[in-house]
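The lines below spell out each chain.
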Amino acid sequence: VSEASRFHDSRENETRDRSVIRSDIQFSNDKRTAISYRQLESLKNIAIQNRSKQHVWVGMDLLDDGERFRYSVLGDNLYSGIGGLALLENILEKDCSQKWITREYIERHSEVANDKFQLVKWWSEQLLGLSGCGGTLITLYLLGHFDKSVRPKIGLLLDSILSGFRSDFLEEDFQFDI
């Protein structure tokens, strides 16, 4: 057997091995997506409607002492709140009519953005970094990026929210999370 034919055979085996690996990765990704979609549906099913008819979830919240937890309604937080759920829904859900977490998230922030008092309160009562205002702004931006149907509304919403920012908020933020 010549050196050239051994090289050719090894290249064929390598190509065959790569295609098996690619099909395993594809299967694995499809399986992960299916599992994630089922988890999203489970999360949607356990949502509770508040007095304002908005959906909320109850989760664990770390107390100020950093050692104990309590049950609490999830906030809009990107990491441990509804912002993360809205992004997950946007990535997994193809049917726009089923994206009610996203719609409610945008509506919540539209209400704040359209009320100057609420907007100042929103900016002043949260951390500025990813766990607060920054995370919310990034979430809204990404929702517009993933879903072209809400992009114009998100653009106006972000402009309105950012118009309420004041530089003195930076001076008052002692969390140093930005």
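Residues numbered from 1 in each chain as written. Predicted model: local features only at pLDDT ≥ 70, side-chain atom pairs only at ≥ 80, totals over all residues. Heavy atoms only, no water.

Which residues make up the overall build of the protein chain, and what are the values?
When helices and strands are counted, the protein chain shows seven helices and four strands. The burial tally for the protein chain puts 31% of its 178 residues in the buried class. Look at the contacts in the protein chain between residues 6 or more apart in sequence, and 52% of them connect residues 24 or more apart. Accessible area for the protein chain stands at about 12,100 Å²; split by element, carbon and sulfur atoms hold 55% of it. (Helix = DSSP H or I, 4+ residues; strand = E, 2+ residues; numbered from the N terminus. Buried < 20%, exposed > 50% of the residue type's maximum accessible area, 1.4 Å probe, protein only. Contact = heavy atoms within 4.5 Å. Areas by Shrake-Rupley, 256 points an atom, 1.4 Å probe, with all protein chains shown as cover.)

Describe in detail the nonpolar core, supporting the description with residues and values.
Residues Ile101, Leu140 and Ile161 are the most contacted members of the largest nonpolar core, which totals 27 residues. If you list the elements that add at least two residues to this core, you get helix 2 (82-92), helix 3 (100-113), helix 4 (116-125), helix 5 (133-146) and helix 6 (151-163). The biggest single contributor to this core is helix 3, with six residues. Here Ile161 is in contact with His109, Ala113, Leu119, Trp122, Trp123, Leu137 and Leu140, once residues within four sequence places are set aside. (Core = buried A, V, L, I, M, F, W, Y, C linked by side-chain atoms within 4.5 Å.)

Would you mind going over the side chain of Ser110 in detail, with residue names and values included?
With respect to the element layout, Ser110 can be found in helix 3. Apart from the residues within four sequence positions on either side, Ser110 is in contact with Lys153 and Leu157.

Hey, could you go over helix 6 for me, with residue numbers and the actual values?
When the terminal C-alpha atoms of helix 6 are compared, their 18 Å separation across 13 residues agrees well with the 18 Å that a helix rising 1.5 Å per residue should span. Regarding helix 6, the residues found buried are Ile154, Leu157, Leu158 and Ile161. Viewed along the axis of helix 6, the buried residues span an arc of 100 degrees, placing them on a single side of the element. Pointing more than 90 degrees away from the buried face of helix 6 are the exposed residues Pro152, Leu156, Asp159 and Ser163. In the core, the buried residues of helix 6 are packed alongside helix 3, helix 4 and helix 5. (Expected span 1.5 Å × (residues − 1). Arc of directions from axis to C-beta.)

So, the side chain of Glu89: which residues are in play, and what are the values?
Here Glu89 lies in helix 2. What makes Glu89 buried here is its relative accessible area of 0%. Excluding its chain neighbours within four sequence positions, the residues that come into contact with Glu89 are Leu40, Lys44, Gln98, Lys99, Trp100, Ile101 and Thr102.

Hey, could you go over the packing of aromatic side chains for me, with residue numbers and the actual values?
The description of an aromatic ring pair rests on the distance of the ring centres and on the angle between the ring planes. According to the stated counting rule, one finds three aromatic pairs in the structure shown. With 6.1 Å between their ring centres and 5 degrees between their planes, Trp57 and Trp100 make a pair best called stacked. Residue Trp57 is located in the loop between strand 2 (55-56) and strand 3 (58-62), and its partner Trp100 is located in helix 3; the two are separated by 43 residues in the primary sequence. Both residues of the pair, Trp57 and Trp100, count as buried. Their ring planes at 65 degrees and their centres at 4.9 Å tell us that Trp123 and Phe165 sit as a pair that is edge-to-face. Taken together, the positions of Trp123 in helix 4 and Phe165 in the loop between helix 6 and helix 7 (168-172) put the pair 42 residues apart, joining distant regions of the chain. (Phe/Tyr/Trp six-rings, centres within 6.5 Å; stacked < 30°, edge-to-face > 60°.)

Quick one: what's the story with helix 2, residue by residue and with numbers?
Burial within helix 2 is extensive, with eight of its 11 residues counted as buried. Considered for burial, the residues of helix 2 that qualify are Ile82, Gly83, Leu85, Ala86, Leu87, Glu89, Asn90 and Leu92.

Now, about the packing of helix 3 against helix 4: what can you tell me, with residues and values included?
Interhelical geometry of helix 3 versus helix 4 gives an angle of 110 degrees and a closest axis separation of 6 Å. Considering their axes alone, helix 3 and helix 4 lie roughly perpendicular with respect to each other. Only Gln118, Leu119 and Trp122 of helix 4 make contact with helix 3, whose side of the interface consists of His109, Val112 and Ala113. When its residues are assigned to classes, the contact of helix 3 with helix 4 shows four nonpolar, two polar and no charged. (Axes fitted to C-alpha atoms, helices over the stretch in contact; angles between N-to-C directions. Parallel < 35°, antiparallel > 145°, perpendicular 65-115°, else oblique. Nonpolar A, V, L, I, M, F, W, Y, C, P; charged D, E, K, R; others polar.)

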